[in-house]
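# Analysis of the macromolecular model
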Amino acid sequence: MSLATETKTSPPGRPRLWGPRTTPRRGIWRHISNKRVFIVLAIAVLGVAIAWALFPSFFSPGSPLELRPEQALDGPSTENPLGTDQFGRSLLAQIIYGSRSALMIGILSVVGAFVLGGLIGLLAGFLGGVVDTILMRIIDVLLCFPGILLALVIAAALGPTLQNLIIAIAIGQTPDFARVMRGQVLAIRSRLFIEAVTASGVRSSRIVFRHILPNALAPVTVIAALGVGSAIVSGATLSFLGLGPQGGVPDWGRLLSVGQDYLATAWWISTFPGLVITMVVIAVNILGDALRDKMDVES
């Protein structure tokens with residue numbers, strides 16, 4: 001390239017930078033790929049779901065149990081934005097009212113698993129010896145079964161109610177919390193500052209609740225945040241199989257079960273509840289990942 005050509009194509013005093021230029025499309029994609037955008041969207045989705053659960057009558061277009069045979073299996077329209085079911089009930093109203101049971105299952109079952117599994121792991125890791133052996137053998141037996149299968153067996157034995165469904169899912173998730181808590185307690189108990197506190201004559205209860213437990217909570221908290229989405233899916237699965245609460249307002253899993261008989265003629269009965277479940281679970285997982293990054297917990 002001649003000097004004249006280089007002078008025409010390059011600004012004076014600045015070398016030309018060769019390579020692909022940043023196009024507006026790439027700038028948009030870089031903005032969209034920012035984690036903050038997804039976190040904001042996740043908060044918005046969960047905010048809507050929580051608002052539905054707390055104030056369903058404010059957002060619902062009507063009663064979810066109102067029968068309108070003349071509008072049975074009507075498709076989405078201005079009057080019924082998400083269509084109606086085989087009895088003419090508004091699908092949007094059923095989804096809004098069903099959000100309460102879905103979130104209760106997701107949150108309460110994880111809280112139960114957090115408390116029960118955390119207590120088992122804390123006792124096993126701190127006391128060790130025979131207590132550790134007995135408790136962890138029980139956890140190993142529970143781990144022989146997939147969580148959803150264990151919850152299915154327990155829910156079938158207890159009966160199809162909302163409380164039993166929460167208990168079943170909580171027990172199914174307990175082994176994960178117990179193993180993580182035990183591992184954290186064992187790692188923290190071997191540190192020098194714990195040995196120093198023990199040598200100074202501090203009571204065991206104070207060591208556990210003042211020094212060990214606060215340092216062991218971060219990974220367990222992240223598992224709890226991620227476990228809410230799994231609990232919602234498990235609750236919908238068990239309800240789909242007929243093990244959810246019976247009577248009253250159908251929950252999301254029962255709507256999926258009802259809609260499978262009308263996939264060819266009324267696809268909206270299963271499609272919209274499935275989309276809502278997917279969006280809520282993805283939102284929970286995004287916030288759980290953000291919490292893991294914030295707490296700097298390894299995967």
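It should be emphasised that the depicted structure is a prediction, and the values quoted were computed from it without experimental measurement.

Time to look at the overall build of the protein chain. Within the protein chain one finds twelve helices and zero strands. Ordered by position in the sequence, the α and β elements of the protein chain form the string α-α-α-α-α-α-α-α-α-α-α-α. Every one of the 299 residues in the protein chain was classed for burial, and the buried ones make up 38%. Carbon and sulfur atoms make up 66% of the accessible area of the protein chain, which amounts to about 16,900 Å² in all.

Now for the confidence of the model for the protein chain. Chain-level statistics for the protein chain give a pLDDT mean of 85 and a share of 87% at 70 or above. The element-level mean pLDDT for the protein chain is lowest in helix 1 (residues 3-9), coming to 47, with helix 5 (residues 91-127) highest at 93.

With that settled, the discussion passes to the nonpolar core. Among the nonpolar cores identified, the biggest contains 56 residues, and I95 and V280 are the most heavily contacted of them. Those elements that provide at least two residues to this core are helix 3 (35-54), helix 5, helix 7 (147-158), helix 8 (162-189), helix 9 (192-199), helix 10 (204-240), helix 11 (252-259) and helix 12 (268-295). When residues no more than four places from it in sequence are discounted, the contact partners of V280 are V45, L46, A49, I232 and W252. I120, M136, I139 and A178 belong to the second largest nonpolar core, which has five residues in total.

Here we take up the side chain of R89. Tracing the backbone shows R89 in the loop between helix 4 (56-59) and helix 5. Discounting chain neighbours no more than four positions away, the residues touching R89 are P64, L65, E66, L67, R68, G83, T84, Q94 and P250.

Even without being glycine, L73 reaches a positive phi, approximately 60 degrees. Relative to the assigned elements, L73 resides in the loop between helix 4 and helix 5.

This part covers the pattern of salt bridges. Across all of its chains, the model carries five salt bridges by this definition. Across the pair R182 and D132 runs a salt bridge, and its minimum N-O distance is 2.8 Å. Pair noted here: R182 is in helix 8 and D132 is in helix 6 (residues 129-143), with a separation of 50 residues, a long-range link. Judged by its relative accessible area of 13%, D132 is buried. Between R179 and D140 there is a salt bridge whose closest N-O contact spans 3.7 Å. Remark: D140 occurs in helix 6 and R179 occurs in helix 8; sequence separation between them is 39 residues. Accessibility expressed as a relative area gives 47% for R179, which makes it partly exposed. On the basis of relative accessibility, which here comes to 26%, the residue D140 falls in the partly exposed class. Beyond isolated ion pairs, a larger network of salt bridges with shared partners links R137, D140 and R179.

What follows is about the environment of N285. Within the element layout of this structure, N285 appears in helix 12. With relative accessibility at 29%, the residue N285 sits in the partly exposed group. In the structure, N285 is positioned 60 residues away from A225 in sequence and 7.6 Å away in space, judged by C-alpha atoms.

Look at helix 12: 40 Å from first C-alpha to last across 28 residues, which is about the 40 Å you get at 1.5 Å a residue. On its buried side, helix 12 packs onto helix 3, helix 5, helix 10 and helix 11.

Bringing the packing of helix 5 against helix 6 into the picture now. Across the interface, helix 5 lies against helix 6 with an axial gap of 7 Å and an inter-helix angle of 145 degrees. The chirality of how helix 5 crosses helix 6 is left-handed. In contact with I120, L123, A124 and L127 of helix 5, helix 6 contributes G129, V131, D132, L135, M136 and I139. Considering only residue class, the contact of helix 5 with helix 6 consists of eight nonpolar, one polar and one charged.

Attention shifts here to the side chain of R68. Within the secondary structure, R68 is located in the loop between helix 4 and helix 5. Of the side chains bearing the opposite charge, E79 lies closest to the buried R68, which forms no salt bridge; the N-O distance is 4.2 Å. At 3.2 Å, the side chain of R68 and the side chain of N80 are in polar contact. In this view, R68 contacts E79, N80, T84, F87, G88, R89 and S90; residues no more than four positions away in its chain are not counted.

Cut-offs used in this document
Residues numbered from 1 in each chain as written. Predicted model: local features only at pLDDT ≥ 70, side-chain atom pairs only at ≥ 80, totals over all residues. Heavy atoms only, no water. Helix = DSSP H or I, 4+ residues; strand = E, 2+ residues; numbered from the N terminus. Buried < 20%, exposed > 50% of the residue type's maximum accessible area, 1.4 Å probe, protein only. Areas by Shrake-Rupley, 256 points an atom, 1.4 Å probe, with all protein chains shown as cover. pLDDT = per-residue confidence, 0-100. Core = buried A, V, L, I, M, F, W, Y, C linked by side-chain atoms within 4.5 Å. Contact = heavy atoms within 4.5 Å. Salt bridge = Lys/Arg side-chain N within 4 Å of Asp/Glu carboxyl O. Expected span 1.5 Å × (residues − 1). Axes fitted to C-alpha atoms, helices over the stretch in contact; angles between N-to-C directions. Left-handed = near helix turned anticlockwise from the far one by under 90°. Nonpolar A, V, L, I, M, F, W, Y, C, P; charged D, E, K, R; others polar. Lys, Arg positive; Asp, Glu negative; His and termini not counted. Polar contact = N/O pair within 3.5 Å; in protein donor to acceptor, adjacent residues only side chain to side chain.

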